[in-house]
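Fold and contact review
The primary structure of each chain is shown beneath.
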Amino acid sequence: MVQMIKKKKVCVITGSRADYGILSILLKELQISNHFDLKVIVTCMHLIPKYGNTYKEIIKDKINIYKKVKLPIYGDKVSDISRATGYAIDKFTIELNKINPDFVIILGDRFEALSFAISSLFLKIPIVHIHGGESTYALIDDSIRHSITKMANIHFVSNKFY
């Protein structure tokens, strides 16, 4: 009797064209794999008309979008980003509870990635972080990236130095 191997559920977040460009090949491979059940959450810049509704590029690439999570970003002030971060933690927690993934994949250093990492950490979902360890010299991105790195269980860095 052949025993079926249970697919690993993996959830990936993408918030902008920048991270999607790096993630797109991985997402395509995960989607066609017999070993993974891919859930893609699309959020942030992808869903803002002013930035081109770039979620359409994901659809064009035939990547199945599990959920679009629109964040209330009212401006570029730090208080706007802080409020959106708190909102995102709540929304991502709800979605991750529904999916119950075996692990999540996070790329980069933006506030939505941090929110997703915090949700995953508290739900005890293993985190795979791509591009940790890099430095942007005194920008808030460094603190966010290094925070995600500290929460992550598996690290894929861009070179040996990191």
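Residues numbered from 1 in each chain as written. Predicted model: local features only at pLDDT ≥ 70, side-chain atom pairs only at ≥ 80, totals over all residues. Heavy atoms only, no water.

1. What about the sheet that holds strand β4 (residues 103-107)?
Pairing is parallel across the open sheet formed by 6 strands, whose spatial order is β3-β2-β1-β4-β5-β6. Strand pairing shows two members of the sheet lacking a second neighbour, β3 (67-69) and β6 (154-156), which therefore form its edges. Pairs of neighbouring strands in the sheet enclose a mean axial angle of 20°, with direction left out of account. Sheet analysis places strand β5 (residues 127-130) next to β6, joined by 3 bridges and oriented parallel. By the bridge assignment for β6, Ile130 is matched with Phe156. (Pairing = 2+ DSSP bridges. Helix = DSSP H or I, 4+ residues; strand = E, 2+ residues; numbered from the N terminus. Axes fitted to C-alpha atoms, helices over the stretch in contact; angles between N-to-C directions.)

2. Points about the packing of aromatic side chains
Under the criterion given, the structure shown has 2 aromatic pairs. When the centroid spacing of 6.1 Å and the interplanar angle of 90° are considered together, the rings of Phe36 and Phe103 count as edge-to-face. Of this pair, Phe36 sits in strand β2 (residues 36-43) while Phe103 is found in strand β4, placing the two residues 67 residues apart along the sequence. Residue classification places Phe36 among the partly exposed residues on the basis of a relative accessible area of 24%. The buried category is assigned to Phe103, whose relative accessible area is 18%. With centroids separated by 5.5 Å and ring planes inclined at 85°, the aromatic side chains of Phe92 and Phe116 adopt a geometry described as edge-to-face. (Phe/Tyr/Trp six-rings, centres within 6.5 Å; stacked < 30°, edge-to-face > 60°. Buried < 20%, exposed > 50% of the residue type's maximum accessible area, 1.4 Å probe, protein only.)

3. Focus on unusual backbone geometry
Not every positive phi belongs to a glycine, and Cys44 is a case in point at roughly 55°. Note on Cys44: relative accessible area 3%, which makes it buried. Here Asn53, not a glycine, exhibits a phi torsion of approximately 45°, which is positive.

4. Quick look at the pairing of strand β1 (residues 8-14)
The element β1 is largely enclosed, with a buried count of 5 among its 7 residues. Chirality of the crossover, the property in question, places the unit of β1, helix α1 (residues 17-32) and β2 among those that are right-handed. Judged from the 3 bridges that link them, β1 and β4 form a sheet pairing that is parallel. The residue of β4 that forms the bridge with Val10 is Phe103. (Right-handed = clockwise from strand over helix to strand, strands pointing away.)

5. What about the environment of Ile99?
You can see Ile99 is positioned in helix α3 (residues 78-99). Given a relative accessible area of 4%, Ile99 falls into the buried group. Spatially, the C-alpha atoms of Ile99 and Lys39 are 7.8 Å apart, while their sequence positions differ by 60 residues. With residues near it in sequence (within four places) discarded, Ile99 still touches Lys9, Cys11, Lys39, Ile41 and Tyr66. (Contact = heavy atoms within 4.5 Å.)

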